[in-house]
Amino acid sequence: MKIAPKNRVQRALVAGAAALALLGTAGCSAINEQATTFSYAASDGVVADIGPIDLRNLMIIAADAESPGRVLGTAANTSDSPVQLSLAVAGSTASVTVPANGQIRFEEDENETILSNPGGVPGSIVDVTVQVNSDSQVIGVPVLDGTLAEYTEFVPSGTPTEGETSAPTESATPEATEAAAETASH
């Protein structure tokens, strides 16, 4: 009869060790929330949902606070009808029509959207009023410049009027300037 109690003790120890091991490996997730359950902006822009429009990676690219700013990001329409999207910042406005169940990628040339004023210096967050049909929301949008290589091509040049688009101009390299001066002197 001495064998039975010994087996019960061993079984209890094994079961306790298994429970401790399970609790030890699951302890972190039992106390902390899972990082994958949080929605966040994975890039430099911001995320916002206003009415049927989902804005993703929204940002403004500008050379400085007095230069025009180009809107970058994506506006996705989740409704069955086209939606008018308006952005307003520091007295400057821009509007686009987002097709039904479609999207507008502001990085594409045909969707280039320029604000005459970015609302702040590069590196700042500006309050942008986003109007979608009758819904309106103010969101903080970052203003960036061409310091990061991926945004250099999107920095607008010149001072276009409201709603006008402009393509960046290329500046001459020092070598090209010297060659042109040498050619002119001969």
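Residues numbered from 1 in each chain as written. Predicted model: local features only at pLDDT ≥ 70, side-chain atom pairs only at ≥ 80, totals over all residues. Heavy atoms only, no water.

## Re the environment of S124
1) Next: Summarising the element assignment, S124 is placed in the loop between strand 7 (114–115) and strand 8 (125–132).
2) Next: Those residues in contact with S124 that sit more than four places away from it in its chain are V141, P142 and V143.
3) Next: Here V121 takes part through its backbone oxygen, which lies 2.6 Å from a polar atom of the side chain of S124. (Helix = DSSP H or I, 4+ residues; strand = E, 2+ residues; numbered from the N terminus. Contact = heavy atoms within 4.5 Å. Polar contact = N/O pair within 3.5 Å; in protein donor to acceptor, adjacent residues only side chain to side chain.)

## Description of the nonpolar core
1) Next: Counting 27 residues, the largest nonpolar core has L55, I60, L85, V128 and V130 as the members making the most contacts within it.
2) Next: For this core, the elements supplying multiple residues, two or more each, are strand 1 (46–50), strand 2 (53–62), strand 3 (69–77), strand 4 (83–89), strand 5 (92–98), strand 8 and strand 9 (135–144).
3) Next: If we ignore the near neighbours within four places in the chain, the residues touching L85 are L55, A75, A94, S95, V96, V98, F106, V130, Q131 and V132. (Core = buried A, V, L, I, M, F, W, Y, C linked by side-chain atoms within 4.5 Å. Buried < 20%, exposed > 50% of the residue type's maximum accessible area, 1.4 Å probe, protein only.)

## Re the side chain of S67
1) Next: Looking at the secondary structure, you find S67 in the loop between strand 2 and strand 3.
2) Next: When its relative accessible area of 15% is taken as the criterion, S67 is described as buried.
3) Next: Of note is the side chain of S67, whose polar atom sits 2.8 Å from the side chain of D64.
4) Next: In contact with S67, other than residues within four places in its own chain, are A62, S116, N117 and P118.

## Comments concerning the confidence of the model for the protein
1) Next: Chain-level statistics for the protein give a pLDDT mean of 80 and a share of 70% at 70 or above.
2) Next: Strand 3 holds the highest mean pLDDT among the elements of the protein, 97, whereas helix 3 (residues 174–185) holds the lowest, 44.
3) Next: This stretch, residues 159–186, has a pLDDT under 50; its non-local contacts, to residues over four places away or in other chains, come to 23 contacts. (pLDDT = per-residue confidence, 0-100.)

## Brief notes about the pairing of strand 3
1) Next: Counting buried positions along strand 3 gives 8 out of 9 residues, so the element sits mostly inside the fold.
2) Next: Note that strand 2 and strand 3 share 8 bridges and pair antiparallel. Its bridge partner being in strand 3, I53 is matched across the sheet by N77.
3) Next: Connecting the antiparallel pair strand 2 and strand 3 is a turn made up of 6 residues. (Pairing = 2+ DSSP bridges.)

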